[in-house]
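Summary of structural features
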Amino acid sequence: MFEAWIIQETCRELQSDGERGLTRQEAVRRYSIHGKNALQEKRKRTVIESFFSQLNDPLISVLLAAAVISVFLEETSDAVIIGVVVLLNAVVGMIQEGKAQRALESLKKLVSPKAFVIREGTLQEVEASTLVVGNLVRLETGCQVPADLRLVESTNLKAEESALTGESLPSDKSAAFIGQEGMPLGDRRNIVYMSTIITAGRGMGLVIATGMDTEIGKIATMINEGKEEPTPLQKRLGDLGKVLSILSLLLCAALFGIALLQHRNIFEMLLTAISLAVAAVPEGLPAVVTICLALSVTRMVKVHTIVRKLPSVETLGAVSIVCSDKTGTLTQNRMTVERCYAGQRMLSVQELSDQEHGALLEGMALCNDAVLEENIGDPTELALLELSRHFGKERTQLEKLMPRRRELPFDSDRKMMSTFHYKGSTGVTYTKGAPDMILKRCTHVLIHGQRVPLQPGHSQQINRAMEQMADDALRTLAIAMRVGDQEPKEQGLTFLGMVGMRDPARPEAAGAVATFRQAGVETVMITGDHVDTAYAIGRQLGIAQSREQCMTGQELAQISEEELAERLAQVRVFARVAPEQKVRIVTGFQQAGHIVAMTGDGVNDAPSLKKADIGIAMGATGTDVAKQAADMILTDDNFATIEKAIEEGRGVYENIRKSVIFLLSSNLGEIATMFLAVTCGLASPLRSSHILWINLITDSLPALALGIDRNDGRLLMQHPPRKPQESLFARGGLACTCFYGMLIAAISLTAFFLIPLQALQAQHLPFTLENLQQLLAQEGILRRSQTYAFTVLGMSQLFHAVGMRDVSRSIFKVNHLENKLMILACVLGFLLQFAVTEIPVLIGAFGTTHLEWQEWGILALLASFPLLAHEVMAFVGKMTSRSAG
């Protein structure tokens with residue numbers, strides 16, 4: 001509201017004096033009521049709270065239940081193994097805690113620790129944290145604004161607000177400005193904000209907000225209150241955990257019913273039920289997913305991406321909208337001269353020459369207050385210095401030949417500045433400013449090095465050039481000069497030329513936008529900058545093709561959520577938006593069913609970075625607040641790096657999907673093997689220790705190898721992103737899981753029946769269920785039969801893993817050396833499976849028996865059936881594709 005009030009109204013509202021400030025007693029009284037000018041801290045989770053929060057997961061709940069029952073049944077080894085798995089996952093999860101707290105800590109670091117205040121007419125230096133509403137604060141060039149202030153006095157004041165508003169240029173500030181209530185932050189010229197920097201001039205202001213009531217405090221509140229949304233993979237794994245939980249309960253209930261019907265030992269069947277529950281849960285899956293994501297994070301470091309939150313890698317693969325800040329993300333956050341008008345013609349920067357345009361280049365360098373070596377000053381002046389240096393016109397060298405004697409500073413009424421120099425004994429004035437204002441004061445124009453009278457035709461050409469630059473959203477400045485005075489004069493000037501500049505688009509950004517579109521990912525620009533500037537960059541990068549695809553923050557504030565949902569399908573550029581509006585836009589896309597990535601580098605981007613499904617901050621130019629609120633950081637600030645990250649995310653999801661299908665088809669094989677045998681009244685083909693061994697040892701390494709498999713990036717980026725609701729079993733995944741699960745069960749049961757069948761044949765007994773039950777009741781036959789089933793089950797899953805690398809291609813067409821971990825996993829898996837039947841200690845622990853070489857050959861042949869089935873299906877698929885083609 002203060003932006004719409006005159007100074008006297010502000011003083012009355014704040015009960016303060018615009019010249020003498022508050023009294024010491026009043027300042028102390030207000031401080032005792034309102035407290036420190038500081039950001040509030042969110043209560044941090046304790047280590048114990050963080051640890052237990054990691055256990056709030058359906059998969060973990062099933063494992064913990066199995067562990068508790070195992071302890072109750074004195075199956076200690078099973079309980080210990082499960083406990084270790086749960087502990088490791090909880091520790092990994094704890095490391096990812098605390099983003100919001102760290103973001104607030106970074107926000108606190110931005111707050112100025114000192115401030116100059118006037119109390120009872122006396123200037124004092126105080127701690128910024130002691131400021132209260134109504135304090136009168138003095139501002140000077142280079143200082144950081146200690147609170148939100150309504151200006152009461154200003155002289156050529158400019159504030160760098162890009163981190164808060166998104167504007168690439170410092171904002172002109174004026175105490176005399178009166179605005180409209182509720183106007184965008186970047187348009188409130190009579191207010192300066194906490195944490196912004198004064199880049200030029202001086203001023204005085206009354207404190208209108210402190211601490212969490214400031215604009216940066218509101219951002220801190222949004223970060224603090226933002227909720228962590230689960231990633232698509234976490235949702236799918238959560239759903240899977242619920243399904244497996246229900247399946248485990250149903251299996252246990254079914255077995256209990258069977259035990260009653262068959263009059264079997266209840267205790268024995270309870271132990272079998274636990275074994276089935278263990279078989280239903282892929283114990284190694286959480287660890288495999290975590291390790292796959294962690295290895296992917298390591299790979300992404302090589303492409304200049306730091307991932308702060310592991311699941312973010314997978315989320316990238318599902319991204320369908322990339323919402324990007326403009327300044328510093330799509331652009332370079334560095335003003336650059338793109339075009340010049342001199343000698344009555346439009347020129348590119350490359351067409352300038354020192355011989356013909358020397359006076360213009362000298363004017364750029366000398367009529368300038370910036371310091372290029374230290375990168376200090378107005379970005380437009382830095383751009384002029386950079387251009388003049390390119391042509392050998394160094395300001396420091398020129399000022400030795402033409403020392404500055406006087407100057408007329410820039411002000412918002414004249415819209416120009418002038419510097420006066422001596423070249424030998426001759427006085428020279430250089431003037432720089434708004435082209436229309438400069439042109440009014442010119443009587444001559446420099447053409448091909450000759451000073452000629454300014455004719456109406458010349459003025460018309462200059463105005464047309466000015467309009468052309470304005471249409472291209474270029475910021476224009478004109479340079480003029482006057483020779484032969486003893487002091488600077490801004491009349492009777494000679495027009496030297498005009499430059500058009502902008503914060504240029506990153507050269508790689510257009511290609512990245514085009515690649516995103518090919519991959520089904522739309523790019524949306526969200527910025528605090530002016531709509532014309534935003535649209536020009538958007539059109540250049542291919543984000544927007546027409547002005548109708550742009551929307552301003554004021555328009556956004558006036559429409560309902562329903563209208564916004566309709567407009568989101570078309571709008572691709574949002575300009576002059578406030579931080580809370582960025583969050584609203586991101587939320588709108590999410591409610592429309594999109595997975596949203598948000599990129600940014602400023603303080604104003606932090607809430608939307610946190611709200612997005614994945615927040616991406618710039619590492620080199622980004623503020624600490626943005627980095628801490630983000631899920632990942634681009635160390636090279638290259639927008640195109642997101643393309644590589646999305647490709648990596650899609651590859652990670654495909655690999656995790658392969659791992660999940662592999663593990664669950666293997667587990668289905670275990671469940672079907674046991675359930676079918678038990679329902680037939682037979683002894684259990686597997687012991688619970690066998691299942692844990694397979695799930696944690698034999699299965700986990702191949703699953704991990706599938707998780708780090710190499711994918712064809714070109715193919716991945718030629719398809720649209722998967723839908724957020726897509727199941728892990730979509731695209732034939734369920735059929736694959738069921739087929740291989742039942743095949744593994746069939747060969748495992750075949751192996752289990754081999755010994756009893758041999759005994760029946762030797763004793764000339766008929767093959768009946770009763771005879772099988774009697775033979776399997778004998779300890780020796782049961783133990784050997786379980787060893788057979790255990791061995792085939794373990795080895796078949798290793799063969800199955802090899803085929804799962806690419807279900808559509810023959811294993812003879814796949815480069816197996818690309819995945820050395822799979823080779824290692826299979827070799828190690830076969831050795832470990834061999835060890836549990838040949839090493840006495842392990843034989844005793846797992847209840848197995850020694851096998852002869854002939855037996856190994858028969859069992860290996862049975863175990864290879866999944867691989868043989870894979871080859872048949874790959875061949876059939878190939879033939880079908882050819883026929884369709």
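Here's what I pulled together on the structure shown here. (Residues numbered from 1 in each chain as written. Predicted model: local features only at pLDDT ≥ 70, side-chain atom pairs only at ≥ 80, totals over all residues. Heavy atoms only, no water.)

**Some points on the overall build of the protein**
This is how the line gets drawn: Only DSSP runs of H or I covering at least 4 residues are called helices, and only runs of E covering at least 2 are called strands; the numbering of each starts at the N terminus. Each residue gets one of three labels from its accessible area relative to the maximum for its type: buried under 20%, exposed over 50%, partly exposed in between, using a 1.4 Å probe on protein chains only. Two residues qualify as a contact provided that any one of their heavy atoms is within 4.5 Å of a heavy atom in the partner residue.
Per the secondary structure count, the protein includes 36 helices and 24 strands. By the burial criterion, 57% of the 885 residues in the protein qualify as buried. The long-range share in the protein, meaning contacts at least 24 apart out of those at least 6 apart in sequence, stands at 72%.

**Notes on helix α23 (residues 579-591)**
Using the following cut-off: By this rule the span expected of a helix is its residue count minus one, scaled by 1.5 Å.
Taking 1.5 Å of rise per residue, 13 residues should cover 18 Å, and α23 covers 19 Å from first to last C-alpha, within 8% of that figure. Counting buried residues in α23 gives 11 out of 13 residues, a clear majority hidden from the surface. The set of residues buried in α23 consists of P579, Q581, K582, V583, R584, I585, V586, T587, G588, F589 and Q590. Where α23 terminates, the next one or two residues include G593, which has phi positive at roughly 95 degrees.

**Some words on the sheet that holds strand β23 (residues 614-618)**
To be explicit about the condition: For two strands to be treated as a pair, DSSP must find at least two bridges joining them. Helix axes use the C-alpha atoms of the stretch in contact, all axes being lines fitted to C-alpha atoms, and the angles between their N-to-C directions lie in the range 0 to 180 degrees.
Strand order in the open sheet formed by 8 strands is β8-β24-β23-β22-β9-β19-β21-β20, with mixed pairing between adjacent strands. Two strands bound the open sheet, and with one partner strand each, they are β8 (305-307) and β20 (550-552). Here the average twist between neighbouring strands, direction ignored, is 20 degrees. Strand direction decides the pairing type here: strand β19 (residues 522-526) and strand β21 (residues 573-575), joined by 2 bridges, are parallel. Following the sheet pairing, I526 is matched in β21 by F574. Packing of helix α20 (residues 531-541) onto the sheet brings it into contact with β19, β20 and β21, and relative to β21 it is tilted by some 155 degrees. Against the sheet, α23 makes contact with β9 (321-324), β19, β21 and β22 (596-600), and its axis sits at roughly 160 degrees relative to β22, the strand it touches most.

**Section: the packing of helix α30 (residues 733-762) against helix α31 (residues 769-776)**
Two quantities define a packed helix pair, namely the angle between the axes and the distance from one axis to the other. As a reminder of what qualifies: Just so you know how the angles are binned, under 35 degrees is roughly parallel, over 145 roughly antiparallel, 65 to 115 roughly perpendicular, and the rest oblique. Throughout this entry, Asp, Glu, Lys and Arg are counted as charged residues, while Ala, Val, Leu, Ile, Met, Phe, Trp, Tyr, Cys and Pro are counted as nonpolar. The remaining residues, Gly among them, count as polar.
Running from N to C, α30 and α31 cross one another at 105 degrees; their axes reach a closest spacing of 10 Å. As judged from the angle between their axes, α30 and α31 are roughly perpendicular. Here F752, F753, P756, A759 and L760 of α30 come into contact with α31, specifically with N771, L772, L775 and L776. By residue class, the composition of the contact of α30 with α31 is 8 nonpolar, 1 polar and no charged.

**Considering the pairing of strand β3 (residues 136-140)**
In regular strands, side chains alternate between the two faces of the sheet. Alignment of strand β1 (residues 114-119) against β3, held across 3 bridges, turns out to be antiparallel. Bridge pairing links F116 to R138 in β3. By the bridge criterion, 5 bridges tie β3 to strand β7 (residues 197-209) in an arrangement that is antiparallel. Bridge assignment links R138 to a residue of β7, and that residue is M204.

**Some points on the packing of aromatic side chains**
Each aromatic ring pair is summarised here by two numbers: the centre-to-centre distance and the angle between the ring planes. Condition: Each Phe, Tyr or Trp ring (for Trp, its six-membered ring) is paired with any other whose centre lies within 6.5 Å, and the angle between the two planes then decides the class: stacked below 30 degrees, edge-to-face above 60, tilted in between. In this scheme, the term charge over a ring applies when either NZ of a lysine or CZ of an arginine sits within 6 Å of the ring centre and within 35 degrees of the ring normal.
Across all of its chains, the model carries 10 aromatic pairs by this definition. With centroids separated by 5.3 Å and ring planes inclined at 70 degrees, the aromatic side chains of F2 and W5 adopt a geometry described as edge-to-face. Summarising the aromatic geometry, the rings of F834 and W856 are spaced 5.4 Å apart at their centres and angled 40 degrees between planes, so their arrangement reads as tilted. Of the two residues, F834 sits in helix α33 (residues 820-838) while W856 sits in helix α35 (residues 853-863), which places them 22 residues apart along the sequence. F834 gets classed as partly exposed once you look at its relative accessible area, which sits at 30%. Accessibility expressed as a relative area gives 9% for W856, which makes it buried. Grouped by ring-pair contacts, the aromatic residues W693, F790 and F846 constitute a single cluster. Across from the ring centre of F410, 5.4 Å away, lies the NZ or CZ of K158, which sits over that ring. Taking the ring centre of Y653 as reference, the NZ or CZ of R722 above it sits at 3.4 Å.

**Overview of the pattern of salt bridges**
Side chains that differ in charge, positive against negative, can pair when their charged atoms come close. Note the following rule: Within this document, salt bridges are pairs made up of a side-chain nitrogen of Lys or Arg and a carboxyl oxygen of Asp or Glu, the two lying within 4 Å of each other.
Overall, the coordinates contain 35 salt bridges when judged by the stated rule. Its salt-bridge partner being R188, residue E3 comes within 3.8 Å of it at the nearest N-O pair. Highlighted residues: E3 in the segment before α1 (7-14) and R188 in the loop between β5 (171-173) and β6 (191-192), separated in sequence by 185 residues. In this structure, E3 and R188 share a single accessibility class: buried. Here the salt bridges do not stand alone but share partners, grouping E26, R29 and R30 into one network.

Without other data, these values stay purely geometric and don't point to any function.
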